[in-house]
Amino acid sequence: MMRPTMDVKSKATEPVRAPQRIRPVPAVSRAVAILRLLGKTKEPMNVKSIAQALDLVPSTCLHILRVLVAEKLLSFDSASKRYRLGTGMLVLARSVMETNSFAQVVQPTLDQISDQWGVTAIGVEVVDIRQMVVTALSRSSLPFRLHVDVGSRFPGLISATGRLVAAFGAASQEELEKNFSSLRWQKPISMTAWRKEVETARRNGYSMDNGRYIAGITLIAVPVLDGNQHITHTLVAASIMNQLPDARIKTLIQELKEHASRISGLLYAQD
């Protein structure tokens, strides 16, 4: 696909921008930490357990909880004295999905891939090397279900998408090595072997994980790149290992690449 040309300024004439300074706002940081904790634990918690988990002063924690309840982001059970995520979170999540251009653009493509190939087709947003988020999903009609839903979060360097994040992202080797050491695979891989697979993914424009991250599951990912050729999203096809013969896999990969290129053009035509 032809990409629009861009005017590139000389580095000598580009103004040097100082990094933006973010002033800490403790109350906001604590509120976000509470929401993340309750989203991660899945079970309601009382003030004491929340305060202990986040090392907060109980009275401060209580004040923040009351505000979050008033804003409908949390709900409070007066009988058990416990808090859980509230319906206001659903409203926010729905708003995100309705305004997420990638999710809107990619969903018909995922439906087509899933129906045609009998795979679970996934649209992933790359947040950074620490995190990726599933923003769109289409399941096949076959008796195969991958435990993933819209909103699921995964480490940014894990599995097939992770190799593409390393290959087409801007992270330094030091950052990659630091974050790679925290990854958990069902079939562990050494940093040296992983680096070779990253280079292969860079050359080939796709990555495949055959049961290394999830035993018995093949994950094929292709990158969606912006105008600077940096990764922003991936298209992923998930299937049971050996479900597709090699010849069919090659065809699927080529189709995924074509879809990714088209979606990149739609999203970043003005870059």
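All figures in this text were calculated on a predicted structure; none of them were measured in a lab.

**Describing the pairing of strand 3 (residues 120–128)**
Consideration 1: In this sheet, strand 8 (residues 231–240) lies alongside strand 3 in antiparallel orientation, the contact comprising six bridges. Among the inter-strand pairings, Glu125 is bridged to a residue of strand 8, identified as His233.
Consideration 2: In terms of strand pairing, strand 3 meets strand 4 (residues 131–138) through seven bridges, oriented antiparallel. Note that in strand 4 the partner of Ala121 across the bridge is Ser138.
Consideration 3: Counted between consecutive antiparallel strands, the loop separating strand 3 from strand 4 contains two residues.

**Observations concerning the packing of helix 1 (residues 26–41) against helix 2 (residues 47–54)**
Consideration 1: One way to put it is that helix 1 packs onto helix 2 with a least axis distance of 11 Å and a crossing angle of 110°. Relative to helix 2, the element helix 1 lies roughly perpendicular. Facing Ala33, Ile34, Leu37 and Leu38 of helix 1, the residues of helix 2 in contact are Ile50, Ala53 and Leu54.
Consideration 2: A breakdown of the residues in the contact of helix 1 with helix 2 according to their chemical character gives seven nonpolar, no polar and no charged.

**Topic: the pairing of strand 7 (residues 217–225)**
Consideration 1: In terms of burial, strand 7 is largely enclosed, as nine of its nine residues are buried.
Consideration 2: What you see with strand 7 is no split at all: Ile217, Leu219, Ala221, Pro223 and Leu225 on one side and Thr218, Ile220, Val222 and Val224 on the other are buried throughout.
Consideration 3: Pairing of strand 6 (residues 207–210) with strand 7 involves four bridges; the strand directions are antiparallel. Residue pairing in the sheet places Met208 in a bridge with Ile220 of strand 7.

**Quick notes on the environment of Tyr268**
Consideration 1: With respect to the secondary-structure elements, Tyr268 resides in helix 9 (residues 246–268).
Consideration 2: Residues Tyr268 and Gly227, spaced 41 residues apart in sequence, show a C-alpha to C-alpha distance of 6.0 Å.
Consideration 3: Not counting the four nearest positions on each side in its chain, Tyr268 is found in contact with Val224, Leu225, Asp226, Gly227, Thr232 and His233.

**Notes on the confidence of the model for the protein**
Consideration 1: For the protein, per-residue confidence averages 87 on the pLDDT scale, and 87% of positions sit at 70 or higher.
Consideration 2: This model gives residues 1–19 a pLDDT under 50, and the stretch forms 13 contacts once residues within four places in sequence are excluded.

**Here's the deal with the packing of aromatic side chains**
Consideration 1: According to the stated counting rule, one finds four aromatic pairs in the structure shown.
Consideration 2: Taking the centre distance of 6.5 Å and the plane angle of 85° together, the rings of Trp185 and Tyr213 count as edge-to-face. Taken together, the residues Trp185 in the loop between helix 7 (173–180) and helix 8 (191–204) and Tyr213 in the loop between strand 6 and strand 7 connect sequence positions 28 residues apart. Note on accessibility: Trp185 and Tyr213 belong to one class, buried.
Consideration 3: Here the aromatic residues Phe180, Trp185, Trp194 and Tyr213 are joined through ring pairs into a cluster of three or more.

**Description of the sheet that holds strand 4**
Consideration 1: Strand order in this open sheet of six strands is 5-4-3-8-7-6, and the pairing throughout is antiparallel. Lying at the two open borders of the sheet, with one neighbouring strand each, are strand 5 (153–154) and strand 6.
Consideration 2: On the sheet, helix 5 (residues 101–117) packs against strand 3, strand 4, strand 7 and strand 8 and is oriented at approximately 55° with respect to strand 4.
Consideration 3: Relative to the sheet, helix 9 contacts strand 6, strand 7 and strand 8, its axis offset from that of strand 7 by approximately 30°.

Definitions and limits used
- Residues numbered from 1 in each chain as written.
- Predicted model: local features only at pLDDT ≥ 70, side-chain atom pairs only at ≥ 80, totals over all residues.
- Heavy atoms only, no water.
- Pairing = 2+ DSSP bridges.
- Helix = DSSP H or I, 4+ residues; strand = E, 2+ residues; numbered from the N terminus.
- Axes fitted to C-alpha atoms, helices over the stretch in contact; angles between N-to-C directions.
- Parallel < 35°, antiparallel > 145°, perpendicular 65-115°, else oblique.
- Contact = heavy atoms within 4.5 Å.
- Nonpolar A, V, L, I, M, F, W, Y, C, P; charged D, E, K, R; others polar.
- Buried < 20%, exposed > 50% of the residue type's maximum accessible area, 1.4 Å probe, protein only.
- pLDDT = per-residue confidence, 0-100.
- Phe/Tyr/Trp six-rings, centres within 6.5 Å; stacked < 30°, edge-to-face > 60°.

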